[in-house]
Amino acid sequence: MRIVFLGPPGAGKGTQAETISKEKNLSHISSGNLLREAVETGTETGIKARDYIEKGLLVPDQIVVDIIKERILKDDCKEGFILDGFPRTLSQAKVLDEMLKKLGNKLDLVFYFAVSKESVVLRLSGRRICSICGANYHVKYVPSSKDGICDKCGGKLYQRADDKLETVLERMRVYHEQTEDLIEYYRKNDILKEIVSDANIETITKNILDIIKSNLKYKPLISFGVI
Ligand code: AP5
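Let us look at the structure shown here. (Residues numbered from 1 in each chain as written. Predicted model: local features only at pLDDT ≥ 70, side-chain atom pairs only at ≥ 80, totals over all residues. Heavy atoms only, no water.)

1. Here we look at the side chain of Lys13
Within the element layout of this structure, Lys13 appears in helix H1 (residues 13-24). Buried Lys13, no salt bridge; nearest opposite-charge side chain is Asp84, N-O distance 5.1 Å. Ignoring anything within four residues of it in the chain, the contact list for Lys13 reads Phe5, Leu6, Gly7, Pro8, Asp84, Gly85 and Phe113. (Helix = DSSP H or I, 4+ residues; strand = E, 2+ residues; numbered from the N terminus. Buried < 20%, exposed > 50% of the residue type's maximum accessible area, 1.4 Å probe, protein only. Lys, Arg positive; Asp, Glu negative; His and termini not counted. Salt bridge = Lys/Arg side-chain N within 4 Å of Asp/Glu carboxyl O. Contact = heavy atoms within 4.5 Å.)

2. Quick look at the packing of aromatic side chains
Overall, the coordinates contain 3 aromatic pairs when judged by the stated rule. Geometrically, the ring pair formed by Tyr185 and Tyr186 is edge-to-face, given 5.1 Å between the ring centres and 75 degrees between the ring planes. Owing to a relative accessible area of 19%, Tyr185 belongs among the buried residues under this scheme. Since its relative accessible area comes to 0%, Tyr186 is described here as buried. Of the aromatic side chains, those joined through ring pairs into one cluster are Phe5, Phe111 and Phe113. (Phe/Tyr/Trp six-rings, centres within 6.5 Å; stacked < 30°, edge-to-face > 60°.)

3. Observations regarding the packing of helix H6 (residues 117-126) against helix H7 (residues 165-179)
Contact geometry for H6 and H7: axes closest at 10 Å, N-to-C directions at 140 degrees. The angle between H6 and H7 places the two elements in the oblique class. Judged by the twist between their axes, the crossing of H6 over H7 is right-handed. Every residue of H7 that contacts H6 at Lys117, Val120, Val121 and Leu124 is listed here: Leu165, Val168, Leu169, Arg171 and Met172. Residue composition of the contact of H6 with H7, grouped by class: 7 nonpolar, no polar and 2 charged. (Axes fitted to C-alpha atoms, helices over the stretch in contact; angles between N-to-C directions. Parallel < 35°, antiparallel > 145°, perpendicular 65-115°, else oblique. Left-handed = near helix turned anticlockwise from the far one by under 90°. Nonpolar A, V, L, I, M, F, W, Y, C, P; charged D, E, K, R; others polar.)

4. Quick word on the pairing of strand S3 (residues 81-84)
Burial of the side chains of S3 extends over both faces: Phe81 and Leu83 are buried on one face and Ile82 and Asp84 on the other. Of the strand pairs in this sheet, strand S2 (residues 27-30) and S3 are connected by 4 bridges, and their pairing is parallel. Residue pairing for S3: Ile29 is matched across the bridge by Leu83. (Pairing = 2+ DSSP bridges.)

5. Points about the site of the ligand
Around the ligand sit 36 residues in total, of which Thr15, Leu57, Arg88, Arg127 and Arg171 are the nearest. One of the backbone nitrogen or oxygen atoms of Gly85 is found 3.0 Å away from a nitrogen atom of the ligand. Coverage of the ligand by the protein amounts to 97% of the 1000 Å² it exposes when considered alone. No other element matches helix H2 (residues 31-41), which puts 4 residues into the shell around the ligand. Classifying every residue of the shell around the ligand by side-chain character gives 17 nonpolar, 11 polar and 8 charged. (Near = heavy atom within 4 Å. Polar contact = N/O pair within 3.5 Å; in protein donor to acceptor, adjacent residues only side chain to side chain. Areas by Shrake-Rupley, 256 points an atom, 1.4 Å probe, with all protein chains shown as cover.)

6. A look at the pattern of salt bridges
What the rule picks out here adds up to 14 salt bridges. In this structure, Glu18 and Lys22 form a salt bridge, with 3.2 Å as the shortest nitrogen-oxygen distance. Here Lys22 and Glu18 lie together in helix H1, a separation of 4 residues that amounts to about one turn. The salt bridge involving Asp210 is made with Lys206; its shortest N-O contact spans 2.7 Å. Residue Asp210 and its partner Lys206 are both found in helix H9 (residues 201-218); the two are separated by 4 residues, about one turn of the helix. The exposure class assigned to Lys206 is partly exposed, which follows from its relative accessible area of 49%.

7. Re the sheet that holds strand S5 (residues 127-130)
Read from one edge of the open sheet, 3 strands run S6-S5-S7, paired in antiparallel fashion. The open sheet has two free edges, formed respectively by strand S6 (136-138) and strand S7 (157-158), since each of these has just one partner strand. Across 3 bridges, S5 lies against S6 in antiparallel orientation. Across the sheet, residue Ile129 finds its bridge partner in S6, namely Asn136. Where H6 meets the sheet, its contacts fall on S5 and S6, and the angle it forms with S5 comes to roughly 35 degrees.

8. A look at unusual backbone geometry
Following Phe86, the chain continues into Pro87 via a peptide bond in cis, with omega recorded as 0 degrees. One can find Pro87 in the loop between S3 and helix H5 (90-102). The backbone of Asn25 sits at a positive phi, close to 55 degrees, despite the residue not being glycine. Structurally, Asn25 is set in the loop between H1 and S2. Residue Asn25 is classed as exposed on the basis of its relative accessible area, which comes to 67%.

And the structure:
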């Protein structure tokens, strides 16, 4: 299955992609994580992307498209993937369609995470990330057992630089201006599923898994050559 998670910053895309990808044996491709890795390792891409990320702006399409193309062609994506944070502009969406068409594939589902501004601000202001393994926490909703320390690897937790309130508000503005149009784009293609993301994490996971299950029910007849 080839799935996109679409929605505003802090909607819970990464949290759900982590769980669902494991459950469904899909690769989790986060454009944000790939870009942050490039920034940390100081690659040419990272140097170009850094300023945009820090300001809460979108990194230019060509830079992101190149990273995603390279990632999707890797072996672990053959059986499917969840794209988390990509595409974010109409032009990225069109490139993705073309890319998949060339590979003889297409997107199966796009989950749109609908969430209130209040939840976004609360979630992002409390988000903490492990500096070693990248695990995602929240001081209130997903706390680590020991304050500031990762349960999985003992790494130190930190707050993402772009989770400062001022940058969060800018990311939301950019989302409304440049990404929201994708909801209509995918609705027209008839693959959009809306998820109420103001619910708790477990409820959202269950809703997504139910939709994937009901979507698969109609697919096997064709994919296994029965009709
Ligand atoms: P990116 O890393 O993609 O950030 P984002 O889309 O803004 O998404 P977030 O990671 O902030 O939120 P999320 O929806 O994944 O929420 P999460 O699950 O972590 O992008 C960062 C930057 O990179 C961009 O600003 C841009 O510069 C650049 N970039 C990336 N992709 C790009 C592209 N395609 N084109 C151009 N530029 C690009 O949850 C947030 C917090 O809430 C966590 O603490 C979590 O524990 C908690 N939480 C999650 N779900 C719930 C829940 N249901 N209830 C309570 N708490 C919850």
